[in-house]
Amino acid sequence: DAGVTQSPTHLIKTRGQQVTLRCSPKSGHDTVSWYQQALGQGPQFIFQYYEEEERQRGNFPDRFSGHQFPNYSSELNVNALLLGDSALYLCASSSDGQGHQPQHFGDGTRLSIL
Amino acid sequence: GQSLEQPSEVTAVEGAIVQINCTYQTSGFYGLSWYQQHDGGAPTFLSYNALDGLEETGRFSSFLSRSDSYGYLLLQELQMKDSASYFCAVESNYQLIWGAGTKLIIKP
């Protein structure tokens, strides 16, 4: 039973570029959430997707956008990259149909902005 | 605002018991989760409390008091591999709100 998978594992970009990160949820899960974790801090919620719609959004600018596909996989897009966007980006999945269940995380994508 | 408070660092001896406390202030509350994160790794789910009381999973136990907006994670029979950061996180309005994490240092 595959867990949450994310790609790529590492990425280096320069300021002003755009990036797309990908996530496949754990089998049986239909909800995907994205988090940003800066070094030495707790993860910060970016947004959550359910039924291909953004259901909830954290305090992140419009440069951060996402998408969920019919197979429940998801993408996170970040435009006009800033140095401060350097972080570990985590994808978490859960099953909405089973009530409030804990979120399970992928290994993350480490994004470095030069 | 929404916030979670937990100690930044805790030190314990191998084989001992340690408790990591978490207090929270959030606009909504469905449950309190605990995650373990080793350096360079992703958070790993440990425990979840939606109702008051104690949940036990092997060497780990977690407690919640909703009236006090307080919970704790109890780790027993500490092993060196338990050295990691531990995060409490409140589930609120479809998102997890995280504390800053507690670095657990275990000495032989």
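Everything below is about the structure printed above this text.
Let us look at the structure shown here. (Residues numbered from 1 in each chain as written. Chains lettered and ligands numbered in written order. Predicted model: local features only at pLDDT ≥ 70, side-chain atom pairs only at ≥ 80, totals over all residues. Heavy atoms only, no water.)

This paragraph deals with the interface of chain A and chain B. Each partner contributes residues to the interface: chain A has 20 residues there, and chain B has 18 residues. Here chain A packs against chain B, burying approximately 1,600 Å² in sum over the two surfaces, 59% of which is carbon and sulfur. The interface formed by chain A and chain B contains 0 salt bridges. Viewed at the interface, chain B and chain A are joined by 5 residue pairs in polar contact (both at pLDDT 80 or more). Broken down by secondary-structure element, the contributors of at least two residues to the side of chain A that touches chain B are β4 (31-37), β5 (44-50), β6 (53-57), β9 (87-94) and β10 (104-105) of chain A. (Contact = heavy atoms within 4.5 Å. Buried area = accessible area lost by both parts, 1.4 Å probe. Salt bridge = Lys/Arg side-chain N within 4 Å of Asp/Glu carboxyl O. Polar contact = N/O pair within 3.5 Å; in protein donor to acceptor, adjacent residues only side chain to side chain. Helix = DSSP H or I, 4+ residues; strand = E, 2+ residues; numbered from the N terminus.)

Turning next to the environment of Q36 of chain B. All names here are of chain B. Its place among the elements puts Q36 in strand β4 (residues 31-37). Separated by 49 residues in sequence, Q36 and S85 have C-alpha atoms that sit 5.9 Å apart. The contacts of Q36, once residues within four sequence positions are left out, are A42, P43, T44, L46, K81, D82, A84, S85 and Y86.

Looking now at the sheet that holds strand β7 (residues 60-65) of chain B. Residue and element names in this part refer to chain B. Spatially, 5 strands are ordered β1-β3-β8-β7-β6 in an open sheet, and the strand pairing comes out antiparallel. Among the strands making up the open sheet, the edge pair consists of β1 (3-5) and β6 (53-57). Across the sheet, the mean angle separating the axes of adjacent strands is 20° when strand polarity is ignored. Here 6 bridges tie β7 to strand β8 (residues 70-75), and the two strands are oriented antiparallel to one another. What sits directly across from F60, in β8, is L75. (Pairing = 2+ DSSP bridges. Axes fitted to C-alpha atoms, helices over the stretch in contact; angles between N-to-C directions.)

Before going further, it helps to spend a moment on the pattern of salt bridges. Two side chains carrying opposite charge are able to pair once their charged atoms lie near each other. All names here are of chain A. In total, this model carries 4 salt bridges over all chains according to the counting rule given. Note that E54 is salt-bridged to R57, the shortest N-O span being 3.1 Å. Note that R63 is salt-bridged to D85, the shortest N-O span being 2.9 Å. Highlighted residues: R63 in the loop between β6 and β7 (64-68) and D85 in the loop between β8 (74-78) and β9, separated in sequence by 22 residues.

Here we take up the sheet that holds strand β1 (residues 5-7) of chain A. All names here are of chain A. One open sheet holds the 4 strands; their spatial order is β1-β3-β8-β7, and the pairing between them is antiparallel. Every other strand in the sheet has two partners, leaving β1 and β7 as the edge strands with one partner each. Sheet twist, expressed as the average angle between the axes of neighbouring strands with direction ignored, equals 20°. Pairing of β7 with β8 involves 5 bridges; the strand directions are antiparallel. Looking at β8, one finds that F64 is bridged to V78.

The tally for this structure, following the rule as stated, stands at 2 disulfides over all chains. Between the sulfur of C23 of chain A and that of C91 of chain A lies a disulfide, 1.8 Å long from S to S. Note on the C23 of chain A and C91 of chain A pair: the S-S dihedral is about -60°, so by sign convention the disulfide is left-handed. Note that C23 of chain A is positioned in strand β3 (residues 19-24) and C91 of chain A in strand β9, a separation of 68 residues in sequence. As far as the burial class goes, C23 of chain A and C91 of chain A line up, both buried. Note that C22 of chain B is cross-linked by a disulfide to C88 of chain B, the S-S spacing being 2.2 Å. The chirality of the disulfide connecting C22 of chain B with C88 of chain B is right-handed, given an S-S dihedral of about 75°. (Disulfide = S-S within 2.5 Å. Buried < 20%, exposed > 50% of the residue type's maximum accessible area, 1.4 Å probe, protein only.)

Here the focus is unusual backbone geometry. Residue P8 of chain A follows S7 of chain A across a cis peptide bond; omega there is -10°. Note that P8 of chain A resides in the loop between β1 and β2 (10-13). You will see that E52 of chain A, though not glycine, has its phi angle at about 65°, which is positive. Mapped onto the secondary structure, E52 of chain A falls in the loop between β5 and β6. Here the phi dihedral of S69 of chain B falls at roughly 50°; this positive angle occurs in a residue that is not glycine. Along the chain, S69 of chain B falls in the loop between β7 and β8.

So far we have only geometry, and geometry alone does not tell us how the molecule works.
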